[in-house]
Amino acid sequence: MKNPVSYAKAAVAWFAVIGLTFSMMSFKSNANGSNNTGKTDTLVSGKHDFRDLLTEKTAAVSTVSLLDAYPEAASFIENYAEKEGKHYERMKPKAQPYFEMYDEILSSYGLPIELKYLSVIESNLNNKAVSRVGAAGPWQFMAADAREFGLKVNGKVDERKDFGKSTHAAAKYLKQMYERFGDWLLVVASYNCGPNKVARIMRETGGKTFWDIQQRLPRETRN
């Protein structure tokens, strides 16, 4: 079985995109939970040096420069930061304690702590969030999946809304999906649209990576 911490270069780069806005706005939690305030709160413009912004170290892994892997991503990052920057700036005080907890739990399962950004994408760290298809909580679990990974979901209790318990369940799910696909980008895709759909598209296309199958994935998953 592959070591989850030794994940592919492409996966590290993808999570750098998701976490970039936080990093650019001087929001970065280190292994001790303290903030790095050495960077000014600013949005990235085309004149900034992306290479300085996109290389960082976490408690779990040394990341690589996103532009070394995908230089064409620069314009996407600029647009993403410009669109979402103010929103993430407002989230900073709320996110800090949850990120500290996420880092601890994800690390305990041997998972990359960058996976915490999935919860930001899925729910904006809102434990009361419910999707149009019934996914709920900060990690947006469907009821059946939540029960499979040890959460209680019934008429009286919904542990999908518990930050700690749902993060443990999400870690178990993500680790299982990595054991199945061996590629973190495919794990993230399966988290959004379901592992069976990802596996079916891989069979139909013969693709082995996210990049091989991305055009066949649902638009939301692809984005």
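Up top is the structure.
Parameters and conventions
- Residues numbered from 1 in each chain as written.
- Predicted model: local features only at pLDDT ≥ 70, side-chain atom pairs only at ≥ 80, totals over all residues.
- Heavy atoms only, no water.
- Axes fitted to C-alpha atoms, helices over the stretch in contact; angles between N-to-C directions.
- Helix = DSSP H or I, 4+ residues; strand = E, 2+ residues; numbered from the N terminus.
- Parallel < 35°, antiparallel > 145°, perpendicular 65-115°, else oblique.
- Left-handed = near helix turned anticlockwise from the far one by under 90°.
- Contact = heavy atoms within 4.5 Å.
- Nonpolar A, V, L, I, M, F, W, Y, C, P; charged D, E, K, R; others polar.
- Salt bridge = Lys/Arg side-chain N within 4 Å of Asp/Glu carboxyl O.
- Buried < 20%, exposed > 50% of the residue type's maximum accessible area, 1.4 Å probe, protein only.
- Arc of directions from axis to C-beta.
- Polar contact = N/O pair within 3.5 Å; in protein donor to acceptor, adjacent residues only side chain to side chain.

1. Considering the packing of helix 7 (residues 163-181) against helix 8 (residues 184-193)
Running from amino to carboxyl end, helix 7 crosses helix 8 at an angle of 125 degrees, the nearest separation of the two axes being 9 Å. Judged on the interaxial angle alone, helix 8 and helix 7 are oblique. In this structure, helix 7 meets helix 8 at a crossing whose hand is right-handed. Of helix 8, the residues touching helix 7 (which contributes A170, Y173, L174, M177, Y178 and F181) are W184, L186, V187, S190 and Y191. By residue class, the composition of the contact of helix 7 with helix 8 is 10 nonpolar, one polar and no charged.

2. Focus on the pattern of salt bridges
This structure, assessed with the given rule, holds five salt bridges. Across the pair E159 and K165 runs a salt bridge whose closest N-O atoms are separated by 3.0 Å. You can call E159 buried: its relative accessible area is 11%. For K165, a relative accessible area of 41% puts it in the partly exposed group. Its salt-bridge partner being R216, residue E204 comes within 2.5 Å of it at the nearest N-O pair. Of the two residues, E204 sits in helix 9 (residues 195-205) while R216 sits in the loop between helix 10 (210-213) and helix 11 (219-222), which places them 12 residues apart along the sequence. In this structure E204 comes out as partly exposed when scored by relative accessible area, which is 45%.

3. Some points on unusual backbone geometry
The phi dihedral of N124 falls on the positive side, at around 55 degrees, and the residue is not glycine. Position of N124 among the secondary structure elements: in the loop between helix 5 (117-123) and helix 6 (143-148). A relative accessible area of 36% means that N124 is categorised as partly exposed. Located in the positive-phi region is Q140, a residue other than glycine, with phi close to 50 degrees. Its relative accessible area of 12% is what places Q140 among the buried residues.

4. Description of helix 9
Within helix 9, the full set of buried residues consists of P195, V198, A199, I201 and M202. Looking straight down helix 9, one finds its buried side chains confined to an arc of 160 degrees; they lie on one side. Within helix 9, the exposed residues directed more than 90 degrees away from the buried face are N196 and R203. For helix 9, the elements touching its buried residues are helix 7, helix 8 and helix 10. Once helix 9 ends, the next one or two residues include G206, with phi positive near 75 degrees.

5. Examining helix 8
Of all 10 residues that make up helix 8, eight are buried, and the element is covered over most of its length. Burial in helix 8 covers these residues: W184, L185, L186, V187, V188, A189, S190 and Y191. N-capping of helix 8 is provided by D183, with a side-chain oxygen placed 2.9 Å from the backbone N of L185. Once helix 8 finishes, G194 follows within two positions and takes phi at roughly 105 degrees, a positive value.

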